[in-house]
Amino acid sequence: MPEAVADSIEAGGRRIAVLGEMLEPGDEAVEAHREVGSMAAEHSVDLIVAVGDTLAKQLALAAGAAGVPDIAMVGDNGTAATYLASILRPGDVVLVKASRGGQLWQIAQALNGQPITGL
């Protein structure tokens with residue numbers, strides 16, 4: 001783990017994972033999303049922001065069942081960025097990850113005050 005991340009977490013920051021739907025798993029999509037949710041709990045994620053629809057819901061449900069204490073479900077990147085901007089505190093560490101098609105980099109751009117770009 002990079003030292004800056006470890007320092008932030010030690011200073012009382014939360015581990016926040018903004019996770020979108022994976023578009024590649026095909027027939028194994030539901031199980032793959034459930035596995036990601038469970039892994040988040042194994043890595044002591046404090047809050048998951050699940051972005052998307054049915055598959056994001058599967059991820060969120062599995063994360064909650066595995067012990068992630070806080071879960072938020074949002075339908076799109078704009079809603080995710082607005083929600084995060086309202087709850088982020090100094091020291092929080094945010095991971096943003098999904099398939100490229102989910103364009104979750106837009107969330108990071110919004111939080112950093114950058115212009116939002118598409119594909």
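Look up a bit, the structure's there.
Heads up: these notes are all about the structure in this document. Fair warning: this is a prediction, and the values are worked out from it, not measured in the lab. (Residues numbered from 1 in each chain as written. Predicted model: local features only at pLDDT ≥ 70, side-chain atom pairs only at ≥ 80, totals over all residues. Heavy atoms only, no water.)

The subject of this paragraph is the overall build of the protein. A count of helices and strands for the protein gives 5 helices and 4 strands. Along the protein, helices and strands appear, N-terminal first, in the series α-β-α-β-α-β-α-β-α. Burial status across the protein gives 39% buried among its 119 residues. Looking at the protein alone, contacts between residues at least 24 apart form 65% of all its contacts between residues at least 6 apart. On the protein, roughly 6,700 Å² of surface is accessible, and the fraction owed to carbon and sulfur atoms is 53%. (Helix = DSSP H or I, 4+ residues; strand = E, 2+ residues; numbered from the N terminus. Buried < 20%, exposed > 50% of the residue type's maximum accessible area, 1.4 Å probe, protein only. Contact = heavy atoms within 4.5 Å. Areas by Shrake-Rupley, 256 points an atom, 1.4 Å probe, with all protein chains shown as cover.)

The next thing to look at is the packing of helix 2 (residues 29-42) against helix 3 (residues 54-66). Running from amino to carboxyl end, helix 2 crosses helix 3 at an angle of 35°, the nearest separation of the two axes being 7 Å. Of the two possible hands of crossing, helix 2 and helix 3 adopt the one that is right-handed. Of helix 3, the residues touching helix 2 (which contributes Ala 29, Val 30, His 33, Arg 34, Val 36, Gly 37, Ser 38 and Ala 41) are Leu 55, Gln 58, Leu 59, Ala 62, Ala 63 and Ala 66. Along the lines of polarity and charge, the residues of the contact of helix 2 with helix 3 split into 9 nonpolar, 4 polar and 1 charged. (Axes fitted to C-alpha atoms, helices over the stretch in contact; angles between N-to-C directions. Left-handed = near helix turned anticlockwise from the far one by under 90°. Nonpolar A, V, L, I, M, F, W, Y, C, P; charged D, E, K, R; others polar.)

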